[in-house]
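Next come the chains, spelled out residue by residue.
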Amino acid sequence: MADIEGPLNDVTAISGKNADMTAIFVSAVGVLGTVMGAALTAFIAARTERRRERSQDRVQLNDLRVEHQRWRRERRQAAYLSFLEGLGNADRDNQAFFRELRAGHAPVPLDETRIAAIRLKFKDAESAGLVVVLEGPEAVAEAAHNLVDQLSSLVQDVRKYAEAIAADSQPNGGDNVHEAGMRFVAERKAFLGLARDALDEVTKHILILPDTQLRDWASRRRSRDDSVR
């Protein structure tokens, strides 16, 4: 009987050890599964967060581009309006002077003061035109240059008409002035059309940068924010 009990005890001990090993293995597998599950969850969460940040960066960048376009549009609009105002001031005084000359029936001395005042207003318009050239775009800058040239010709033709009357010569009835005035009106119309097109750019050129450029921009922005903190 004692001989039988010995092996039975050995079997029982082995079975107990196997049960312990199985429990440890099951426990280890459970822990490993938990760790892997947590890691996977963290990975998915991090990936989702990166996507969310990229989406936010894209929206913010788009907002910045819209704001920049609006700022450029406002600058251009102010430049165009200042230029047109300067042209109008010089043109009105020049026309008024020409009408007075045509209404006269006798030679009159050349009014150098009046001519100098018109010339000064023309120079103001010319300076405003340089701002338009700087603001662009190229088509509007070229139109502004042409418009200044036409106004300069118009002012010179009125001066020549005044000099002819002061010298008691026979002017041509102002035909040159009239032709120059028509060219000026045509150039102003062309400028207005191009200026309107340029001011509409804010709705046509809002672009999203490629993802690579977007990531670079977002990375620089986050680095700058971290340095501020």
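Placed above this text is the structure.
A quick note: this is a predicted structure, and the numbers were derived from the prediction, not measured. Here, residues in each chain are numbered from 1, in the same order as that chain's written sequence. Residue-level local features of this predicted model are given only where pLDDT is at least 70; pairs of side-chain atoms are given and counted only at 80 or more, and the full residue set underlies all totals for whole chains, interfaces and linings. Side-chain metrics in this entry use all non-hydrogen atoms of the structure; hydrogen atoms and water are not considered.

Draft legend 1. Highlighting the packing of helix H3 (residues 138–166) against helix H4 (residues 175–199). Comment: axis = line fitted to C-alpha atoms, over the contacting stretch for helices; angle = value between 0 and 180 degrees taken between N-to-C directions. The secondary structure listing takes helices from DSSP runs of H or I that are at least 4 residues long and strands from runs of E that are at least 2 residues long, numbered from the N terminus. Where H3 contacts H4, the two axes come as close as 9 Å, and the packing angle between them is 160°. As far as their axial angle goes, H4 and H3 are roughly antiparallel. Crossing of H3 over H4 shows left-handed handedness. Contact residues: Ala139, Val140, Ala143, Ala144, Asn146, Leu147, Gln150, Leu151, Leu154, Asp157, Val158 and Tyr161 in H3; Asn176, Val177, Ala180, Gly181, Arg183, Phe184, Glu187, Arg188, Phe191, Leu194, Ala195 and Ala198 in H4. In what follows, roughly perpendicular refers to angles from 65 to 115 degrees, roughly parallel to angles under 35, roughly antiparallel to angles over 145, and oblique to any angle outside these ranges. A crossing counts as left-handed when the near helix is turned anticlockwise from the far one by less than a right angle, and as right-handed when that turn is clockwise. Only heavy atoms enter the contact rule, under which two residues are in contact if any of them lie within 4.5 Å.

Draft legend 2. Expanded view of the packing of helix H2 (residues 112–135) against H3. Relative to each other, H2 and H3 sit at 175°, their axes nearing to 9 Å. Put simply, H2 runs roughly antiparallel to H3. Of the residues in H3, those touching H2 at Glu112, Ile115, Ile118, Arg119, Phe122, Glu126, Val132 and Val133 are Val140, Ala141, Ala144, Val148, Leu151, Ser152, Val155, Gln156 and Arg159. Residues belonging to the contact of H2 with H3 are distributed by class as follows: 11 nonpolar, 2 polar and 4 charged. Under the scheme applied, nonpolar residues are Ala, Val, Leu, Ile, Met, Phe, Trp, Tyr, Cys and Pro; charged residues are Asp, Glu, Lys and Arg; polar residues are all the others, including Gly.

Draft legend 3. Focus on unusual backbone geometry. Note that the residue after Gly136, namely Pro137, is joined by a cis bond; omega there is 0°. Tracing the backbone through its elements, the reader meets Pro137 in the loop between H2 and H3.

Purely spatial values, then, with no claim about function.
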